[in-house]
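Inside the fold
Listed below are the residues making up each chain.
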Amino acid sequence: MLLGPDSEESFYERRRGVRILGVWVDDVTYDEMLTRLDDFITAGGAHQVATVNPEFVIAARHDAEFRAILNTAALCLPDGVGLLWAARILGCSLRQRVTGSDGVWRIAEQASRRGYRLFLLGAAPGVAEEAARRLCDRYPGLVVAGTYAGSPAVEEEDAIVERVRAARADILFVAYGHPQQEKWLARNLARCGAAVGIGVGGALDFVAGVAMRAPLWMRRVGLEWLYRLWREPWRWRRMLALPTFAVLVLWTRLTGDEQQQAQ
Ligand code: UDP
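These remarks concern the structure in this document. (Residues numbered from 1 in each chain as written. Predicted model: local features only at pLDDT ≥ 70, side-chain atom pairs only at ≥ 80, totals over all residues. Heavy atoms only, no water.)

Structural notes on the overall build of the chain
Scanning the chain from N- to C-terminus turns up 15 helices and eight strands. The C-alpha atoms of the chain give 18 Å as radius of gyration, which agrees with the globular expectation for 263 residues (18 Å, within 12%). Seen through its C-alpha atoms, the chain measures out along the principal axes to roughly 50 × 45 × 35 Å. A sequence separation of at least 24 residues applies to 71% of the contacts in the chain between residues at least 6 apart. In the form shown here, the chain has an accessible surface area of approximately 12,100 Å², with 54% of it arising from carbon and sulfur atoms. Considering the chain, the positive charge centre built from 32 side chains and the negative charge centre built from 31 side chains are found 5 Å apart. (Helix = DSSP H or I, 4+ residues; strand = E, 2+ residues; numbered from the N terminus. Rg over C-alpha atoms; globule rule 2.2 N^0.38 Å. Contact = heavy atoms within 4.5 Å. Areas by Shrake-Rupley, 256 points an atom, 1.4 Å probe, with all protein chains shown as cover. Lys, Arg positive; Asp, Glu negative; His and termini not counted. Charge placed at Lys NZ, Arg CZ, Asp CG, Glu CD.)

Considering the environment of Glu157
Tracing the backbone through its elements, the reader meets Glu157 in helix H8 (residues 157-167). Note: C-alpha distance between Glu157 and Glu182 (25 residues apart in sequence) is 14 Å. If we skip the residues at most four places from it in the chain, Glu157 touches Pro152, Trp184, Arg187, Asn188 and Arg191. At a separation of 2.5 Å, a polar atom in the side chain of Glu157 contacts the side chain of Arg187. (Polar contact = N/O pair within 3.5 Å; in protein donor to acceptor, adjacent residues only side chain to side chain.)

Observations concerning the nonpolar core
With 39 residues, the main nonpolar core has Met33, Ile171, Phe173, Val196, Ile198 and Leu204 as its most contacted residues. Of all the secondary structure elements, the ones that give two or more residues to this core are helix H2 (30-43), strand S4 (75-78), helix H6 (100-114), strand S5 (117-122), helix H7 (127-138), strand S7 (171-175), strand S8 (196-199) and helix H10 (203-208). Other than its neighbours up to four places away in sequence, Phe173 contacts Val104, Ile107, Leu118, Phe119, Leu120, Leu121, Ile198 and Val200. Listed in part, the 27 residues of the second largest apolar core include Ala50, Ala87, Leu90 and Ala241. (Core = buried A, V, L, I, M, F, W, Y, C linked by side-chain atoms within 4.5 Å. Buried < 20%, exposed > 50% of the residue type's maximum accessible area, 1.4 Å probe, protein only.)

Focus on the site of the ligand
Near the ligand you find 15 residues, and of these Ala123, His178, Asp205, Arg228 and Arg238 are the closest. For the ligand, an oxygen atom lies 2.9 Å from a polar atom in the side chain of His178. Here Arg235 contributes a side-chain N or O atom positioned 3.0 Å from an oxygen atom of the ligand. Burial of the ligand by the protein chains amounts to 74% of its free accessible area of 550 Å². (Near = heavy atom within 4 Å.)

Remarks on the environment of Ser151
Structurally, Ser151 can be placed in the loop between strand S6 (143-148) and H8. Placed 45 residues apart in sequence, Ser151 and Arg106 show a C-alpha to C-alpha distance of 26 Å. Setting aside its immediate chain neighbours within four residues, Ser151 contacts Glu156, Ile160 and Tyr176. Within the structure, the side chain of Ser151 is placed 3.1 Å from the side chain of Glu156, a separation counted as a polar contact.

Section: the pairing of strand S2 (residues 23-26)
If a strand is regular, its side chains alternate between the two faces of the sheet. Here S2 shows two buried faces, one formed by Val23 and Val25 and the other by Trp24 and Asp26. Across four bridges, strand S1 (residues 17-20) lies against S2 in antiparallel orientation. Across the sheet, the residue bridging to Arg19 is Trp24, located in S2. Between S1 and S2, which follow one another and run antiparallel, lie two residues, and Leu21 among them has a positive phi close to 50 degrees. (Pairing = 2+ DSSP bridges.)

Focus: the sheet that holds S7
Taken in spatial order, the six strands line up as S4-S3-S8-S7-S5-S6 in an open sheet, and their pairing is parallel. The open sheet terminates on both sides in strands that have one partner only, identified here as S4 and S6. For this sheet, the mean angle separating the axes of adjacent strands, direction not counted, is 20 degrees. Of the strand pairs in this sheet, strand S3 (residues 47-52) and S8 are connected by three bridges, and their pairing is parallel. Each residue of the ladder has a partner; that of Gln48, found in S8, is Gly197. (Axes fitted to C-alpha atoms, helices over the stretch in contact; angles between N-to-C directions.)

Focus on unusual backbone geometry
The linkage connecting His178 with the following residue, Pro179, adopts the cis geometry, with an omega of 0 degrees. Positive phi outside glycine occurs at Leu21, with the angle close to 50 degrees. Turning to its location among the elements, Leu21 is positioned in the loop between S1 and S2. Residue classification places Leu21 among the buried residues on the basis of a relative accessible area of 2%. Even without being a glycine, Arg168 presents a positive backbone phi close to 50 degrees. Note that Arg168 resides in the loop between H8 and S7. The exposure class assigned to Arg168 is exposed, which follows from its relative accessible area of 56%.

Here is the structure:
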């Protein structure tokens, strides 16, 4: 088990996780994630959470800013069956896949119990509103303090930050796709006044029913990526990251090449 990422050593020494091709991934379960979020909100300040998958890891290899953001995030969730596989190959372990798509529901449930205020930012116009409606239907008492599609354009940032501040959100979900959502949060979370900011990719589309998740059996056997490729074939180019990821992990294992891991 390797030690945590690049900042606040004493805090990260208590983090369990794995560094995969130079990107830190926390070994947490859903329950532990919820406990961490409670801690972040109690502590105040701004805590960025990332939902890491193999595409993130490959993108981070060529994007130093993105890599630095992931490696200084307060929590990097293992959102991708490929990461669990990679950890095993590298002689470490990640106990559970913790996805943004399921995480949004679980966090909303926790928020409804604790009285945390959510803000849903991003996705196509109307999607965040529908996602909020569905979350509130399932968890009565949940406070969605704001929704807004907006855009990750820098010119819009000040106005969006003002909206989130005014809503007094505790947890901000940002659905602008990676790495834009992570960069947006790195630039703006502290200004937003929310204790937690999470990049959730396409999760709001799933919650709103705009996109369909893979059937449970496919998710269980680790084939969600295949279903996604079938439903959204235009993703094929992006998904070339998956075989690249697999080859690099195997190469790292074979050569014991720390450079591949620590780059
Ligand atoms: N999105 C957006 N504005 C943008 C780009 C993307 O609102 O300028 C949204 C898009 O509608 C979708 C999400 O961001 O809801 C991206 O989902 P995807 O699954 O592609 O995320 P990734 O896998 O890149 O994290």
